[in-house]
Amino acid sequence: MNRILSDRCIAPVAAVLAFSLASVLFSYAADPAVQVQLDVKEASPRAVENLTERGILRDYRFAWTSMAQALEFNTLDPLEGPFAGDARQWLRETVISQQRSGLSQRYAAQSHKLEAVFYAPEGDVMELRDTAEYDLQISGGGKIIHDEHVVLHFIVLMTPGADRWVIRQMQAVPRF
Amino acid sequence: MRRSFPICAAAMCLFVASEAQDIRVPASAVAGEEASISTTGSGKATFYLIGPGISSKSDVNLGEEIHLQAQDLRNAGEYIAVVCSRECHNASFFVSAGKPHRLTFLVHPSRVPVAQNDAVTGVALPFDDFRNLVTTPETINFQLTAGNASVSRSVRTQDGISWFRTASGKSAGPLQVVASLDDISTRRAVQQVASDPCNLRIKGERTATGILVETEPVHDCAGNPVPDGTIVTFTATVGDEKSTVDAPIKQNVARAQIVASGPAVISAASGVVMGNELRVGGRP
């Protein structure tokens, strides 16, 4: 009797677990992690230290993941850590304005070719060029109004914070 | 059959009336300036504008110009305009930063020893009225003034950044650093202080309680008095025993009282600079 009961219990639990696993795998397949390649060879006048390079890579990827979350789910919280100053300000304005208009943006299949072009002598600011590639979907009222594979150039200013590098300025430009 | 005709006619009419053939966006737009988007076709449509800091939705009439307020285009970057009637048409355009309105100027360090190579650095970034980085090349003039001496150099921005690096001056005192672009300027100050002491010399005399030892006025190699608070370490060797006393410089001189009754050898050091040795005899 106990055996039958436990078998009966295991079956639905296994089904739920299998479904969850499939959902997780599907969600990863649909929205793979943000890809970032960083080239620091041309950074000057200060050379980028190994540890700094790793920090930039980690924090830039996190910033785009957070930005994508904020703009897809129209929530401000993800913007609090990785952005500061003007970048955070306009991103907040975008989210608030999306909440009003009922729009949302979905960034998928992100890939960033990042190049450090300026690293201040005292290490307090770094300028990067990002050639970003992603699929952008804009939705409103339950339908997709814009769906495009985007290749965009960004000029980015990052500064070191207490425990991470933060994006202070991020501006799309027609070309470098 | 009789009923289907008017329905088809109405559907065709809707198709013709609300079809947007084209959407034309500005070839170049400037942050904080008005712009317009033209559409072709006729009928009602919904217009969306998505860009940095904006996500708006409004009703428009096809065939009429869509007016974009200066407020909607404050942030430089890429904007997407979407017009949806029966189907959606879109076009994107860039908004560039306006004229420089302020300079962010980072200068390091705030306090620097004199006569040091590549010791003072400055980084200047021009921003427009809406805090957009001005990425078009601009020439920034850096002027450094210490006392009556002044030097200046012009550096062109690259991707919105220009910078300089220079040696500190020969004399202690404030160094004024000004970055200017047209009629905008930002000022910073660096305090130039004496470098390491040069020719550190001490003298001493026995007193009732020990030995009073003091430095001669402490200067760096350029003759600038070393700032108050700089530590001089006095080391006294009496027999096999060594004792040290740290004393801050006060009005150019550091003093210390060393307790020792026998003959002593006293030396002084400040940072990496060693002074002379002083031999003081035992108490009579």
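Each remark here, short or long, concerns the structure printed above.
Residues numbered from 1 in each chain as written. Chains lettered and ligands numbered in written order. Predicted model: local features only at pLDDT ≥ 70, side-chain atom pairs only at ≥ 80, totals over all residues. Heavy atoms only, no water.

Novice: Explain the overall build of chain A to me, please; I cannot follow it from the model alone.
Specialist: Helix and strand counts for chain A stand at 3 helices and 5 strands. For chain A, the sequential pattern of α-helices and β-strands runs α-β-α-α-β-β-β-β. For chain A, with 176 residues in total, the buried portion stands at 44%. When the accessible area of chain A is evaluated, it comes to approximately 9200 Å², of which 56% is carbon and sulfur surface. (Helix = DSSP H or I, 4+ residues; strand = E, 2+ residues; numbered from the N terminus. Buried < 20%, exposed > 50% of the residue type's maximum accessible area, 1.4 Å probe, protein only. Areas by Shrake-Rupley, 256 points an atom, 1.4 Å probe, with all protein chains shown as cover.)

Novice: Even after reading the chapter, I still don't get the sheet that holds strand β23 (residues 255-258) of chain B, so can you show me in this structure?
Specialist: Either a parallel or an antiparallel arrangement is found when strands of a sheet pair, and the pairing is made through backbone hydrogen bonds. Residue and element names in this part refer to chain B. Across the sheet, which stays open at both edges, the 3 strands sit in the order β18-β19-β23 with antiparallel pairing between neighbours. Each end of this open sheet is capped by a strand with a single partner; those strands are β18 (202-206) and β23. Adjacent strand axes in the sheet meet at a mean angle of 20° when their direction is disregarded. In the sheet, strand β19 (residues 211-215) pairs with β23 via 4 bridges, with the strands oriented antiparallel. Paired with isoleucine 211 across the strands is isoleucine 258, a residue of β23. (Pairing = 2+ DSSP bridges. Axes fitted to C-alpha atoms, helices over the stretch in contact; angles between N-to-C directions.)

Novice: I would appreciate a short explanation of the pairing of strand β8 (residues 88-96) of chain B in the present structure.
Specialist: On a regular strand, one side chain projects to one face of the sheet and the next to the other, so that they alternate. Residues and elements named next belong to chain B. The alternating pattern of β8 places His89, Ala91, Phe93 and Val95 on a buried face, while none of Cys88, Asn90, Ser92, Phe94 and Ser96, on the opposite face, is buried. Direction of pairing for strand β2 (residues 29-30) relative to β8: parallel, over a ladder of 2 bridges. For valine 30, the partnering residue across the bridge sits in β8 and is serine 96. Looking at chain direction, strand β7 (residues 77-84) and β8 are connected through 8 bridges and run antiparallel. In the sheet register, alanine 81 faces β8, and the bridge partner there is alanine 91.

Novice: Could you clarify how one ought to interpret the sheet that holds strand β1 (residues 23-24) of chain B in this entry?
Specialist: All names here are of chain B. The 3 strands are arranged β1-β3-β6 in an open sheet whose pairing can be described as antiparallel. Strands at the two margins of the open sheet, each flanked by one partner only, are β1 and β6 (66-68). With 3 bridges connecting them, strand β3 (residues 35-39) and β6 associate as antiparallel partners. The residue of β6 that forms the bridge with isoleucine 37 is isoleucine 66.

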